Amino acid sequence: MTEKWSNEWGQKCRDLEENWKYVQEEIAKAALRAGKTAEDITLLAATKTVPAAVVNHGIRLGIRHIGENRVQEFLSKEADLLPCDRQFIGHLQTNKVRQLIGRVSMIQSVDSEKLLAEISRLSLANGLCTDILLEVNIGGEESKSGVAPEALEELAAKAAQTPGVRVRGLMAIPPAGRSSAETRHYFEKMTQYFIDMRAKKSDNGTMDYLSMGMSADYALAIEAGANMVRVGSALFGAREYPAGR
Ligand SMILES: *Cc1c(COP(=O)(O)O)cnc(C)c1O
């Protein structure tokens, strides 16, 4: 992969420049349709499998937030990255939390009390408070992580009382390959949960992010109420996974 990337370096950079402009324009248009402006929407670049040098080119173009999926991959790139806001968006095992605390500004994928407790414990041990999003398994898919919608309220109540963490909102990945009508329905359901949770009195009034929408559907997500989208392949091109994955 490394060789391929270096061979195609110039083209990759030109593509990224074009893609970055295009995605920003699409976000601005979708924001207007939702009665918002581009400034209301946080664009987080999903950088899994993308080498640090390419991510850095994006950062020079203006990417401000990046999201990584795997702890190991993040740690291996971290030192090479230009300054930017780093978040964690992948499925997280409790035994890996230790390696993330203090290194990312937000963990978007909190879906269990066990994970919540571990983030809390290690944040407090380091004198920190970690921002989190609660990930909702909005499609009720067995293969997906995320808390079941029925269990969201309980997890949110627990999180609100847990020291060392601050709930900043919700995250979801709706089922792939559905019609846009179906996908919109999932996004709208998430928006409703987000609105309901914000309306409830909670100790910390910081429920400010609704993170949903990826390359295939970020405009739809924004129209349905997202204020953070996580975009990977629409910026960096199709991912090239190393053989064996
Ligand atoms: C990979 C990934 C994305 C971005 O996916 P694209 O379809 O490439 O835009 C967003 N969110 C999460 C959690 C991801 O793992």
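Up top you'll find the structure we're talking about.
What you are looking at is a predicted structure, and each value in this text was computed from that prediction instead of being measured. (Residues numbered from 1 in each chain as written. Predicted model: local features only at pLDDT ≥ 70, side-chain atom pairs only at ≥ 80, totals over all residues. Heavy atoms only, no water.)

S.K.: Even after reading the chapter, I still don't get the site of the ligand, so can you show me in this structure?
M.R.: Around the ligand sit Ala 46, Lys 48, Asn 69, Ile 89, Ile 173, Met 214, Ser 215, Arg 230, Val 231, Gly 232, Ser 233 and Arg 239, and those are all the residues in its vicinity. Measuring from an oxygen atom of the ligand, one finds a side-chain N or O atom of Ser 215 at 2.4 Å. Between Arg 239 and the ligand, the recorded distance is 2.8 Å, taken from a side-chain N or O atom to an oxygen atom. Protein chains shield 90% of the accessible area of the ligand, which is 390 Å² for the free molecule. With respect to the pocket detection grid, the ligand is positioned in the largest pocket. Here the shell around the ligand is built from residues that sort into five nonpolar, four polar and three charged. (Near = heavy atom within 4 Å. Polar contact = N/O pair within 3.5 Å; in protein donor to acceptor, adjacent residues only side chain to side chain. Areas by Shrake-Rupley, 256 points an atom, 1.4 Å probe, with all protein chains shown as cover. 1 Å grid on protein atoms, 1.4 Å probe; cavity = no way out; pocket = protein on both sides within 12 Å on 5 of 7 lines; lining within 4 Å. Sits in = over half its atoms within 2 Å of the grid points. Nonpolar A, V, L, I, M, F, W, Y, C, P; charged D, E, K, R; others polar.)

S.K.: Help me out: how do you make sense of the environment of Phe 187 in this one?
M.R.: Note that Phe 187 resides in helix α7 (residues 180–199). Each C-alpha atom, one on Phe 187 and one on Lys 158, is 24 Å from the other, the two residues being 29 residues apart in sequence. With residues up to four places along the chain from it excluded, the contact list for Phe 187 reads Pro 174, Met 212, Gly 213, Asp 217, Leu 220, Ala 221 and Ala 224. (Helix = DSSP H or I, 4+ residues; strand = E, 2+ residues; numbered from the N terminus. Contact = heavy atoms within 4.5 Å.)

S.K.: I'm lost on the pattern of salt bridges in this one. Help?
M.R.: For the structure on display, the rule yields 14 salt bridges. Measuring nitrogen to oxygen at the nearest pair gives 2.8 Å for the salt bridge that ties Glu 223 to Arg 33. Of the two residues, Glu 223 sits in helix α8 (residues 218–224) while Arg 33 sits in helix α2 (residues 9–33), which places them 190 residues apart along the sequence. On the basis of relative accessible area, Glu 223 is assigned to the partly exposed category, the value being 28%. For Lys 200, the salt bridge is made with Glu 153, and the minimal N-O distance between the two is 3.6 Å. Of this pair, Lys 200 sits in the loop between α7 and β7 (209–211) while Glu 153 sits in helix α6 (residues 149–160), placing them 47 residues apart in sequence. The class of Lys 200 is partly exposed, set by a relative accessible area of 43%. A relative accessible area of 53% places Glu 153 in the exposed class. (Salt bridge = Lys/Arg side-chain N within 4 Å of Asp/Glu carboxyl O. Buried < 20%, exposed > 50% of the residue type's maximum accessible area, 1.4 Å probe, protein only.)

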